[in-house]
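Report on the structure
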Amino acid sequence: MTKAIKKSELHDYAMMAAEYSRDALLVTDNEDRVLWLNREFEEMTGFSLNDMLGKSPADFLRHEATDDDIAALIDEALKYRRPIDVEVQYRSKNGDLFWMESRITPIFDQDGRHTHFMSSSRDVTQRREMSTASREAAEKERLRQRERRLLSQISEWLYSSKSLEELLRVISRSLETLMPEAAGQLYIYANSRNVLDLKIHWGGATATPEHMDADDCWALRRGRAYSYGLRPIEFPCSHVTADSDADPYFCIPITAHGQTNGLLHLQFDAITGDREERAQFKAFLEHRWELALLCGEQISLAIANVQLRQELLDQSVRDPLTNLWNRRWFLDAAYKHKSHAQRTEEAFSLIALDVDHFKKFNDTYGHDAGDMVLRTFGAKMIEFFSDKCAPCRMGGEEFMVLCKGLSERQTLILAEDFRSQVAEISIKHSGTTLPPITVSAGVSIWPRDGEEISELVNAVDMALYRAKERGRNMVVSADTLKR
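Below you will find a few notes about this structure. (Residues numbered from 1 in each chain as written. Predicted model: local features only at pLDDT ≥ 70, side-chain atom pairs only at ≥ 80, totals over all residues. Heavy atoms only, no water.)

What follows deals with helix 11 (residues 358-365). Taken together, the buried positions of helix 11 are Phe358, Phe361 and Asn362. Looking straight down helix 11, one finds its buried side chains confined to an arc of 100°; they lie on one side. Relative to its buried face, helix 11 has exposed residues pointing more than 90 degrees away, namely Lys359, Lys360, Asp363 and Thr364. Packing partners of the buried residues in helix 11 comprise strand 12 (348-355) and helix 12 (367-384). Positive backbone phi, approximately 95°, marks glycine 366, located one or two places after helix 11. (Buried < 20%, exposed > 50% of the residue type's maximum accessible area, 1.4 Å probe, protein only. Helix = DSSP H or I, 4+ residues; strand = E, 2+ residues; numbered from the N terminus. Arc of directions from axis to C-beta. Contact = heavy atoms within 4.5 Å.)

With that settled, consider helix 6 (residues 125-160). If you check helix 6, its first and last C-alpha atoms are 52 Å apart, about what 36 residues at 1.5 Å a residue would give, namely 52 Å. Among all positions in helix 6, only Thr125, Glu147, Leu150, Leu151, Ile154, Ser155 and Leu158 are buried. (Expected span 1.5 Å × (residues − 1).)

What follows concerns the sheet that holds strand 5 (residues 114-123). Taken in spatial order, the five strands make up an open sheet running 2-1-5-4-3, and their pairing is antiparallel. What marks the edges here is a single partner per strand, and that holds for strand 2 (34-37) and strand 3 (84-91). Averaged over all adjacent pairs, the angle separating strand axes in this sheet is 25°, with direction ignored. Here six bridges tie strand 1 (residues 24-29) to strand 5, and the two strands are oriented antiparallel to one another. Within the sheet, the bridge partner assigned to valine 27 lies in strand 5 and is methionine 118. Running at roughly 125° to strand 4 (residues 97-108), helix 6 makes contact with strand 3, strand 4 and strand 5 of the sheet. (Pairing = 2+ DSSP bridges. Axes fitted to C-alpha atoms, helices over the stretch in contact; angles between N-to-C directions.)

Right, let's get into the pattern of salt bridges. In total, this model carries 26 salt bridges according to the counting rule given. For aspartate 363, the salt bridge goes to lysine 359, with nearest N and O atoms at 3.2 Å. One end of the pair, aspartate 363, and the other, lysine 359, are both in helix 11, four residues apart, so they sit about a helical turn from each other. Like lysine 359, aspartate 363 is exposed. (Salt bridge = Lys/Arg side-chain N within 4 Å of Asp/Glu carboxyl O.)

If you look at the biggest cluster of nonpolar residues, it comprises 34 residues, and the most contacted ones within it are Ile171, Leu175, Leu186, Phe250, Leu264 and Leu266. Broken down by secondary-structure element, the contributors of at least two residues to this core are helix 6, helix 7 (164-178), strand 6 (182-189), strand 7 (196-202), strand 10 (249-256), strand 11 (259-268) and helix 9 (275-317). Every residue in contact with leucine 175, bar those within four places of it in the chain, is listed here: Pro180, Trp202, Leu264, Leu266, Cys295 and Ile299. (Core = buried A, V, L, I, M, F, W, Y, C linked by side-chain atoms within 4.5 Å.)

This part covers the packing of helix 12 against helix 13 (residues 408-422). Packing of helix 12 against helix 13 brings their axes to within 11 Å, and their N-to-C directions diverge by 135°. Put simply, helix 12 runs oblique to helix 13. As for the relative orientation of helix 12 and helix 13, their crossing is right-handed in sense. In this structure, helix 12 contributes Phe377, Lys380, Met381 and Phe384 to the contact, and helix 13 contributes Leu414, Asp417, Phe418, Gln421 and Val422. (Parallel < 35°, antiparallel > 145°, perpendicular 65-115°, else oblique. Left-handed = near helix turned anticlockwise from the far one by under 90°.)

Here we come to the packing of aromatic side chains. Under the counting rule described, the total for this entry stands at 15 aromatic pairs. Arranged with centres 4.9 Å apart and planes meeting at 20°, the rings of tyrosine 228 and tyrosine 249 form a pair that is stacked. Of this pair, tyrosine 228 sits in strand 9 (residues 226-228) while tyrosine 249 sits in strand 10, and the two are 21 residues apart along the sequence. Each of the two residues, tyrosine 228 as well as tyrosine 249, counts as buried. A centroid spacing of 5.0 Å and a plane angle of 85° characterise the contact between phenylalanine 384 and phenylalanine 385, whose relative ring orientation is edge-to-face. Taken together, Phe377, Phe384, Phe385, Phe399 and Phe418 form an aromatic cluster joined through their ring pairs. (Phe/Tyr/Trp six-rings, centres within 6.5 Å; stacked < 30°, edge-to-face > 60°.)

Take a look at the structure:
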């Protein structure tokens, strides 16, 4: 039969349980001065009873990282003798930070007088670190999912762009949204392939060269993407301005189908914080590096796709002999001009051109010489007519110029100047100087000479025929046919 435990034995058992408890136990008097602590408390904090006896635990454990609001809650509970459960960060004797989950309980005697406080605590640092790591991992995954969604949307916009200008707007807007902390530039090779031209910049990247040589960039010289600011051995690119070469940056060649078409440059502001902040910034850049490479791949394919589409479009709307716009392009552009003119009441005009006696010239000197004349004539049109005028070859020796925003007088002066300059052209073929060529021209104005495009073209053709009837090498307005 089990004997009842004596009161003295009960005290000994209680002290044994407290001393070897896995919880850190601390007893203070009613003024919160330390009276006793167990072995677990000393191992957790590093402070012995001799260190803390008669003093407040807060004087030893609290520090600058301790949350002021939590500390205030503890002080209030002690003041009003209320129990409290808290998680609070403290500093141990050796300087390490740790988290304690504590329950502080006021103790009262049989008469209801407050005599002591007792706290029971556990080290929850590892649990909080795991919780923090879990939250950080969840946050990183949330950001990655957002980036994947954005990349998917960006890819759709990139491959839906019909022109390079449209694509460039999509690229700048997309990268500014995806990586708002980076300033960027996109360079594309000029047709000569000996220089890269700056096409767009975003994110405050204004002090950038308008042109650069391939040898100015380590990425283009080495044929692969280059990051500056992440590796032990690295050298700045020549195209990076002197006042920003201390900032980390990425240079990513825009390459598709084995050919480099340009360069994507992304620059980040350098961080000057402590070692931990720099380490976090470096990890952030490593992630941005992977994201930038993905963007580079998407942009490379999109630019190649647009360039191929543009080449195919040019082939369908360009005359292969003269490189002028063809009849198909002219009709499409004329209807667009008409629609714009109807909205804005801005007139536009046509100039019809025909090389005089071309058939006779062709029969006399051969088709090769005739082609030389047409190529020279087309080159002169490209050189002469400004952005407001679009020169086209309608077929054979017949040409048309679509002029936007020019009055009849301006159009007639333009046509006359071109006619006089054509007469001064000297053409050599097979070592022989060919006879001078002349051109007849007709002019019509919308809407005076026709509301519909077909009417306007018919009017300018009639004016051209009248110029030929009157002896060629002259300009005639469609308005004179009505008189």
